[in-house]
Amino acid sequence: MISKSINLTLKVWRQSRGEKKGHLETYYAKDISVDMSFLEMIDVVNEDLTKIHKEPIAFDHDCREGICGMCGAVVNGRAHGHEKETTLCQLHMRHFSDGATIVIEPWRSRAFPLIKDLVVDRSALDKIIQAGGFISVNAGGAPDANALPIPREVAETAFNAAACIGCGACVAACPNASAMLFVSAKISQLALLPQGRPEGAKRVQAMVRQMDECGFGNCSNETECEVECPKGISILNIARLNREFLKAEFS
Amino acid sequence: MNWFIEIFRTSIGKKIVMAITGLGFSLFLLIHLIGNLTLYGGKELFMSYVEHLHALGPLIHVAEVGLLTFAIIHVVSGLILFWQNLQARPIRYKINKRAGGRTLGSATMPYTGVLILIFVVIHLLNFHFIDHSLQTAFQVISATFSVLPYVVFYTIAVIIVAIHVSHGFWSLFQTLGANHANYMPAIKGFGIIFSLLVAAGFGFIPVYVNFIM
Ligand code: HEM
Ligand code: SF4
Ligand code: FES
């Protein structure tokens, strides 16, 4: 089977290491199979660039199957592109039309300093986890099933929150560059389960303060994050985070 | 006081303060609207409402001081949040596209807020900080709204308030953590209906006074 190919014009943010300012550079991506992923498309462009001794476009990636959270860029103004619940590595070129112009920019946030081209430093998210996104006892061996009864809906809600891959698209998509969706997912996955309760108050207080310290913006409930999140994390988690914070501060 | 400062320093703390003061204003808007609706019942009904209101005596002053305090807190926190949010993205995107979450209300909160502040000052200069011994409240209203530019100005101002509340109402519940999959549609729906009532109820008063009364 011969798959369809398309030609594209790319406008990619280029900024070398240590450079204060970057710019959009135009490239032509020719004969791109529509079965390729977005990252594979950039691979093709990079091969051409290497052949003519130009610096390839730097971008983050790892699993390329939508589970690690490494990839990500703002494509035509949309974090991870315009497809719903899709990471950039899982975005396929069949969703673009022949002759289209695609503008590719890095995540923009004061808390995510740019390293090179499309690569940003997301260790601010790790710092928030280090502030309290864990349980400080050894988990031990797996307990017997149902030794600790947890209602199914609760377990499901916790599991849905745990689906967050820490990609940072919520920050990139938020008009205020707020990390509240990420933090709310990390709070919820523990707050909903009995193992997470004992440290609940301490955790939310520490994580929220760390989030503020990192320089993220303030949530104003724009709900853009929920739409762009590749894992469909719900803003109801943000309501839970606010609730946990209120409870912790007023007790 | 220390605990307040400690909470207010956090992002969520400032949001909680916005939500509580915003809820206060929303309740005030509702009471103010119900009171003003008496205008549609004619001069006598309206004046009896004004008399009843003034009969509350010191309570009125308590409410005034409360509203002023809330206003200062809401405005100051709102401006801090807005400033911080601008700082949080020093380099902007070349291409900005909405994913579908933002609304007219949510995207314009700081701007509608500042416009409301200007409106409230003018409104108080028109109706509050005047010599009440020379004219009744009703006379002031009919005099003001006989001027067409005032009619246009007040109607537009009230629509701006409604746009602010169209996002603010559901947002305050979300901020206070009082949100749940089952209630979200009801809270959002009520917020929209409330802001439409505010726009229609207040917005039509100047038109009614000018053209119909
Ligand atoms: C009739 C008067 C007003 C009412 C009923 C009102 C109501 C509200 C409500 C309910 C919220 C939502 C709070 C939340 O998201 O938790 C809000 C947010 C906001 N208000 Fe007001 N407000 C009024 C006047 C003002 C004024 C005079 C200003 C500023 C100059 C202002 C600026 C803001 C801003 C910037 C926000 C967004 C804060 C954020 O979410 O980050 N508002 N308002
Ligand atoms: S909440 Fe969604 S968008 Fe934000 S980091 Fe987690 S997976 Fe990415
Ligand atoms: S590369 Fe792992 S999620 Fe995209």
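Since the model is a prediction, treat every value here as computed from it, not as a measurement.

A.B. asks: What is the right way to look at the interface of chain A and chain B in this model?
C.D. replies: Often, the extent of an interface is quoted as the loss of accessible area on bringing the components together. With 47 residues of chain A in contact, the opposing surface of chain B contributes 41 residues. Of the roughly 3,700 Å² buried where chain A meets chain B, counting both sides, 55% is carbon and sulfur surface. When the buried surface of chain A facing chain B is broken down by residue, R108(A), N218(A) and N221(A) rank first, second and third, together holding 17% of it. Taking the shortest distance from any N to any O, the salt bridge between R209(A) and E6(B) comes out at 3.3 Å. Where chain A meets chain B, there are 31 residue pairs in polar contact (both at pLDDT 80 or more). The element contributing the most residues to the side of chain A that touches chain B is helix 8 (residues 236–249) of chain A, with 9 residues. Split into classes, the residues belonging to the side of chain A that touches chain B amount to 25 nonpolar, 11 polar and 11 charged.

A.B. asks: What is the right way to read the site of ligand 2 from this model?
C.D. replies: Taken together, 13 residues lie around ligand 2, and C164(A), C167(A), G168(A), C170(A) and C229(A) are the ones closest in. Every element with two or more residues in the shell around ligand 2 is listed here: helix 4 (169–173) and helix 5 (180–191) of chain A.

A.B. asks: How should helix 6 (residues 109–127) of chain B be read in this particular structure?
C.D. replies: One full turn of an α-helix is made of 3.6 residues, so residues set three or four places apart face in the same direction. Residues and elements named next belong to chain B. In a regular helix each residue adds 1.5 Å, so 19 residues correspond to 27 Å; helix 6 covers 26 Å between its end C-alpha atoms and thus fits that length. Along helix 6, the positions that sit buried rather than exposed are M109, T112, I116, F119, N126 and F127. When helix 6 is viewed along its axis, its buried side chains cluster within an angular range of 100° and face the same direction. On its buried face, helix 6 is in contact with helix 5 (104–107), helix 7 (137–145) and helix 8 (148–175).

A.B. asks: When you look at the packing of aromatic side chains in this model, what are you seeing that I'm missing?
C.D. replies: Taken as a whole and judged by the stated rule, the model has 21 aromatic pairs over all chains. Where F250(A) meets W3(B), the ring centres are 5.8 Å apart and the plane angle is 75°; that geometry is what we call edge-to-face. Note that F250(A) is positioned in the segment after helix 8 and W3(B) in helix 1 (residues 2–8), a pairing that runs across two chains. Three or more aromatic residues joined by ring pairs make a cluster, and in this case those are F119(B), F127(B), F145(B), Y150(B), F153(B) and Y154(B). Its guanidinium or amino end placed over the ring of W13(A), R108(A) lies 4.3 Å from that ring's centre, counting from NZ or CZ. The ring of W170(B) has K188(B) lying over it, and the distance from NZ or CZ to the ring centre is 4.5 Å.

A.B. asks: Just checking my understanding: could you explain the coordination of the iron atom of ligand 1 for this structure?
C.D. replies: Angles at a metal have ideal values that depend on geometry: 109.5 degrees with four tetrahedral donors, 90 or 180 degrees with six octahedral donors. Residues and elements named next belong to chain B. With distances of 2.0 to 2.1 Å, the protein atoms coordinating the iron atom of ligand 1 are H74 (NE2) and H164 (NE2). One way to put it: the 6 donor atoms around the iron atom of ligand 1 meet at angles of 86 to 179°, and that makes the site octahedral. With a gap of 90 residues between them, H74 in helix 4 (residues 58–87) and H164 in helix 8 connect regions that are remote in the sequence. By relative accessible area, which is 15% here, H74 ends up buried. Exposure remark for H164: the relative accessible area of 15% places this residue in the buried category.

A.B. asks: Even after reading the chapter, I still don't get the environment of Y27(A), so can you show me in this structure?
C.D. replies: Residues and elements named next belong to chain A. With respect to the element layout, Y27 can be found in strand 2 (residues 23–33). Judged by its relative accessible area of 12%, Y27 falls in the buried class. Put simply, Y27 and T101 are 74 residues apart on the chain and 9.9 Å apart in space, counted from C-alpha to C-alpha. Setting aside anything within four residues of it in sequence, one finds Y27 in contact with L8, T9, L10, V12, R14, V45, L49 and I57. One polar contact links Y27 to R14, side chain to side chain, over a distance of 2.7 Å.

A.B. asks: Would you mind showing me how to read the pattern of salt bridges here?
C.D. replies: Side-chain pairs of opposite charge can arise whenever the charged atoms involved come near each other. All names here are of chain A. Tallied over the entire structure, the rule returns 14 salt bridges over all chains. As a salt-bridge pair, D43 and R64 come within 2.7 Å of each other at their nearest N and O atoms. On the criterion of sequence distance, the pair formed by D43 in helix 1 (residues 38–51) and R64 in the loop between helix 1 and strand 3 (74–75) is long-range, its members being 21 residues apart. On the basis of relative accessibility, which here comes to 26%, the residue D43 falls in the partly exposed class. In this structure R64 comes out as partly exposed when scored by relative accessible area, which is 25%. Note that D48 is salt-bridged to K51, the shortest N-O span being 4.0 Å. With a gap of 3 residues between them, D48 and K51 both fall in helix 1, about one helical turn apart.

Rules and cut-offs
Residues numbered from 1 in each chain as written. Chains lettered and ligands numbered in written order. Predicted model: local features only at pLDDT ≥ 70, side-chain atom pairs only at ≥ 80, totals over all residues. Heavy atoms only, no water. Contact = heavy atoms within 4.5 Å. Buried area = accessible area lost by both parts, 1.4 Å probe. Salt bridge = Lys/Arg side-chain N within 4 Å of Asp/Glu carboxyl O. Polar contact = N/O pair within 3.5 Å; in protein donor to acceptor, adjacent residues only side chain to side chain. Helix = DSSP H or I, 4+ residues; strand = E, 2+ residues; numbered from the N terminus. Nonpolar A, V, L, I, M, F, W, Y, C, P; charged D, E, K, R; others polar. Near = heavy atom within 4 Å. Expected span 1.5 Å × (residues − 1). Buried < 20%, exposed > 50% of the residue type's maximum accessible area, 1.4 Å probe, protein only. Arc of directions from axis to C-beta. Phe/Tyr/Trp six-rings, centres within 6.5 Å; stacked < 30°, edge-to-face > 60°. Lys NZ or Arg CZ within 6 Å of the ring centre and 35° of its normal. Donors = N, O, S within 2.8 Å, 3.2 Å for Na, K, Ca; no water. Tetrahedral: all angles 85-135°; square planar, octahedral: opposite > 155°, others 65-115°.

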